[in-house]
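Notes for the structure review
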Amino acid sequence: MNTFLFAVVPYLAVVIAVVGGIARYRWDRFSYSSQSSQFLESRKLFWGSIAWHYGVLAVLGAHVLALMFWDAWGKMLSGPTRLYSFEVAGLALSWLAFGGLAFLLWRRLSDSRVRTVTSPMDWVLLVLLLGQVGLGIWMALGYRWGSDWYLHTIVPWIHSLFALNPKIGYVTALPDVVKAHAVLGFFLMALFPFTRLVHVVTVPITYLWRPYQVYLWNRRASRQ
Amino acid sequence: MDIRAQVSMVFHLDKCIGCHTCSIACKNIWTDRKGSEYMWWNNVETKPGTGYPTQWEDQQKYRGGWEREGEGKLSLKLQGRGRALGNIFANPYLPTIDDYYEPWTYDFDELFNAPEGDDQPTARPVSMITGEPIDIEAGPNWDDDLGGSTIYAANDPNLEGLSSDERAELNELERMVFFYLPRICNHCANPGCVAACPAGAIHKRGEDGIVLLNQEKCRAWRMCISGCPYKKTYYNWATGKSEKCILCYPRLESGHAPACFHSCVGRIRYLGLVLYDAAAIKDVAARPDEELVEAQRAMIKDPFDPEIIELAQANGITPDQIKAAQDSPVYKFVKVWKLALPLHAEFRTLPMLFYVPPMLPVLATLKNGRYDVDGANKNGGTEATGLPSISNLEQSRVPLRYMANLFSAGNEAIVAEVYRKLNAVRVHMRQQKVGNIPESEVAEALGAAGITADEAEAIFRLTAMPTFQERFVIPPLLRDQAFEAQLGDPFTQKREGGFGFRAAPERRW
Ligand code: SF4
Ligand code: SF4
């Protein structure tokens, strides 16, 4: 069971995400976005969406940074004050994300206009994401100093996954909450191509440098 | 100079009868789909009024268009590039459906299927979004013909700069006055919608300047809706894509006038090509307010000038198109006669739809049971008939200031010049047809307007009795090339998502 969850599921998830993501872009580009409902309800969306996105981006960013620069991360957290402030900041941001998402879920449930533009997949995704952030907060409260022990458990495990030599020993002994958080994380990754989550890879970063005006010509390659 | 061709338009407001035929023609072709019920790519609003969406002209609220930042510098009023990405999770300036209206239908089934009872069954209004019964609180043209004018007309943003006396006069029963303002996308030369779209999903067609929004590239970041100061991109809440007027390009490419033009009952609409200097766009759009109209006129070039023709040809504009530009009624109205003005030039998107402002009715008061028009004798009014045959600018019921706010970025001299010309044409033609105006007064009117009798006649002809071919000089739009560019996908057809889809644009996830 553990082998399946921690040595097979991650690979499956990545393959599904990549293949599925490309396939959807290839064959269903029209829906490759998050269907905005702001036009139907704007005020609640503002609070929920801003809190959720900035909260989750920060927390997710911390996960990834620690994964990539574990050494520096470890040094950064050496010393009780730093560790303590980091834990607090992380927890606060998680609560921000959780609150925002819960608010968004309530918005979709209570506003009949928004409900009409909510697909079954949207409901599934909202609930799963809320569960995932909830598990994270539970961990942070129940098993302190995660920003540190993460480096000695999950990080080496994921590194071993990258090296195509899964060492599940790093995680099998962890509490169930932590395991659930990890597995659900990969499950969400696998779900990515089938939900509105696809919008994360369409962030229009090119807007920062493209010319304001766009011209298209029938027979010229130029966009000027 | 970088000479480009633009399919451009003129609406002659004196002729608009406010029948909304244009709106219906457009709706039946393009926006009769789920999610687009509330959209009117062509809408006709009553002025003074707040329009559609309500108060769209108030850019403090909606943040459309460009802002001048000193000499030659422009920035999007909405936000800078970095902030655009920061605001992507919630656009703080997005209008919501309530700024337009919630589309509804009626529960007609009830009329047939209601159980027997003491009361007549009724068809209740139900929302086309939720399907639930609603109270109708707004609709398209809710303030048509000054309906609810104390709420709507009184809050028209163009009343800025009018004295409270002038405002009160506009509200007096005997003096009430209004006109219609039909609006479509202006297919601007410096479009705010294109510039605001983070995904780059909107583009201007190089060959003819039509601004199109690619449904496959749109990712629902909804910045275009804010970026367009005319609120002419619309968010389809069902497909999660923005849509806009396509100037009926499939019709244009096959030589037909756009549906709203073709069906216009008042025949107020003109369409033709103009040649303009694209290299000047940045400079023109950044001029101070009072210079904007003049600068935009100067940007449009003379299609008879050999130098311009040469530059145009070097840019791939065909001789047929140059011929079309020479015959263009738009060129005449905008550049030769200088009668047609851009709507809200101060938004700085360089709109390529121009309006001939409506003649201003003269101010009259009721005296002894008949209208007494002060100044009727001035400028050609006649002693003999006593009729207010001529508008007198000082006596106009819609203050010039109002018109200047609409059509010349506040520059009253420009609208006054237009009115002197329209007036001269009227005086001249009255003298020709009725003959009850002394020659001297005609000469005075023509002199004040700076036009000759021949010009007055030409203006009259193109205004009052143009043929279909004179109103719509549709250039060859190189459709063969357009097809080539799309090879492999020529069988585009209209589906639920609009034109250009071979598969139904469904969202399955
Ligand atoms: S009027 Fe049309 S072209 Fe101009 S900014 Fe608005 S949508 Fe774009
Ligand atoms: S069809 Fe012509 S006359 Fe009628 S409202 Fe439209 S623009 Fe005006």
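Reference entry: report on the structure contained in this document. Computed from a prediction, not measured in an experiment: that's the story for all the values here.

Attention shifts here to the overall build of chain A. The helix and strand tally for chain A stands at 10 helices and 1 strand. For chain A, the α and β elements follow one another from N to C terminus as α-α-α-α-α-α-α-α-α-α-β. A principal-axis box enclosing the C-alpha atoms of chain A has dimensions of 60 × 40 × 35 Å. Across the 224 residues of chain A, 46% fall into the buried class. Sequence separation of 24 or more characterises 75% of the internal contacts of chain A that already satisfy a separation of 6 or more. Accessible area of chain A: about 11700 Å², with a carbon and sulfur share of 73%. Here chain A contributes 19 positively and 8 negatively charged side chains, and the mean placements of these two sets differ by 12 Å.

Glancing now at the packing of helix α1 (residues 2–27) of chain A against helix α10 (residues 176–191) of chain A. All names here are of chain A. Contact geometry for α1 and α10: axes closest at 7 Å, N-to-C directions at 25°. The angle between α1 and α10 places the two elements in the roughly parallel class. As α1 runs across α10, the sense of the crossing is left-handed. Where α1 abuts α10, its residues N2, L5, F6, V9, P10, A13, V14, I16 and A17 lie against K179, V183, F186, M189 and A190. Grouping the constituent residues of the contact of α1 with α10 by class yields 12 nonpolar, 1 polar and 1 charged.

Here we take up the packing of aromatic side chains. Taken as a whole, this structure holds 32 aromatic pairs over all chains when the rule is applied. When the ring of Y38(B) is compared with that of Y234(B), the centres are 6.1 Å apart and the planes differ by 70°; the resulting orientation is edge-to-face. Separated by 196 residues along the polypeptide, Y38(B) in the loop between α1 (21–30) and β2 (43–47) and Y234(B) in strand β10 (residues 233–236) bring together distant segments of the chain. When sorted by exposure, Y38(B) lands in the same class as Y234(B), which is buried. Taken together, a centroid distance of 6.1 Å and an interplanar angle of 55° make the contact between Y100(B) and Y234(B) tilted. Of this pair, Y100(B) sits in helix α4 (residues 97–100) while Y234(B) is found in strand β10, placing the two residues 134 residues apart along the sequence. Across the pair, Y234(B) and Y100(B) agree in class, each one buried. By way of ring pairs, the aromatic residues F39(A), Y38(B), Y52(B), Y100(B), Y234(B) and Y235(B) are connected into one cluster. Positioned over the ring face of W56(B) is R183(B), at 3.6 Å from the centre of the ring.

Moving on, we get to the nonpolar core. Generally speaking, a soluble globular protein has its nonpolar side chains buried in company with each other. One finds Y38(B), F261(B) and F407(B) to be the most contacted residues of the largest nonpolar core, which totals 142 residues. Broken down by element, the residue count for this core peaks at 10 residues, all from helix α17 (residues 412–433) of chain B. Excluding its chain neighbours within four sequence positions, the residues that come into contact with F407(B) are L13(B), L181(B), V293(B), L341(B), P342(B), L343(B), Y355(B), P357(B) and V415(B). Within the second largest apolar cluster, 27 residues are counted, among which are M139(A), L151(A), I168(A) and V178(A).

At the interface, 51 residues of chain A touch 65 residues of chain B. Summed over both sides, the interface between chain A and chain B buries roughly 5300 Å², with carbon and sulfur atoms accounting for 56% of that surface. For the salt bridge of R113(A) with D98(B), the shortest nitrogen-to-oxygen distance reads 2.9 Å. At the junction of chain A and chain B, the tally comes to 24 residue pairs in polar contact (both at pLDDT 80 or more). For the side of chain A that touches chain B, the secondary structure elements donating two or more residues are α1, α2 (43–68), α5 (112–116) and β1 (215–216) of chain A. When residues of the side of chain A that touches chain B are assigned to their parent elements, the largest contribution, 7 residues, is made by α2(A). The residue makeup of the side of chain A that touches chain B, split by class, is 25 nonpolar, 18 polar and 8 charged. Two elements, β1(A) and strand β8 (residues 202–205) of chain B, share 2 bridges in a ladder whose sense is parallel. Across the sheet, L216(A) pairs through a bridge with R205(B), a residue of β8(B).

Reading the values: rules and limits
- Residues numbered from 1 in each chain as written.
- Chains lettered and ligands numbered in written order.
- Predicted model: local features only at pLDDT ≥ 70, side-chain atom pairs only at ≥ 80, totals over all residues.
- Heavy atoms only, no water.
- Helix = DSSP H or I, 4+ residues; strand = E, 2+ residues; numbered from the N terminus.
- Buried < 20%, exposed > 50% of the residue type's maximum accessible area, 1.4 Å probe, protein only.
- Contact = heavy atoms within 4.5 Å.
- Areas by Shrake-Rupley, 256 points an atom, 1.4 Å probe, with all protein chains shown as cover.
- Lys, Arg positive; Asp, Glu negative; His and termini not counted.
- Charge placed at Lys NZ, Arg CZ, Asp CG, Glu CD.
- Axes fitted to C-alpha atoms, helices over the stretch in contact; angles between N-to-C directions.
- Parallel < 35°, antiparallel > 145°, perpendicular 65-115°, else oblique.
- Left-handed = near helix turned anticlockwise from the far one by under 90°.
- Nonpolar A, V, L, I, M, F, W, Y, C, P; charged D, E, K, R; others polar.
- Phe/Tyr/Trp six-rings, centres within 6.5 Å; stacked < 30°, edge-to-face > 60°.
- Lys NZ or Arg CZ within 6 Å of the ring centre and 35° of its normal.
- Core = buried A, V, L, I, M, F, W, Y, C linked by side-chain atoms within 4.5 Å.
- Buried area = accessible area lost by both parts, 1.4 Å probe.
- Salt bridge = Lys/Arg side-chain N within 4 Å of Asp/Glu carboxyl O.
- Polar contact = N/O pair within 3.5 Å; in protein donor to acceptor, adjacent residues only side chain to side chain.
- Pairing = 2+ DSSP bridges.

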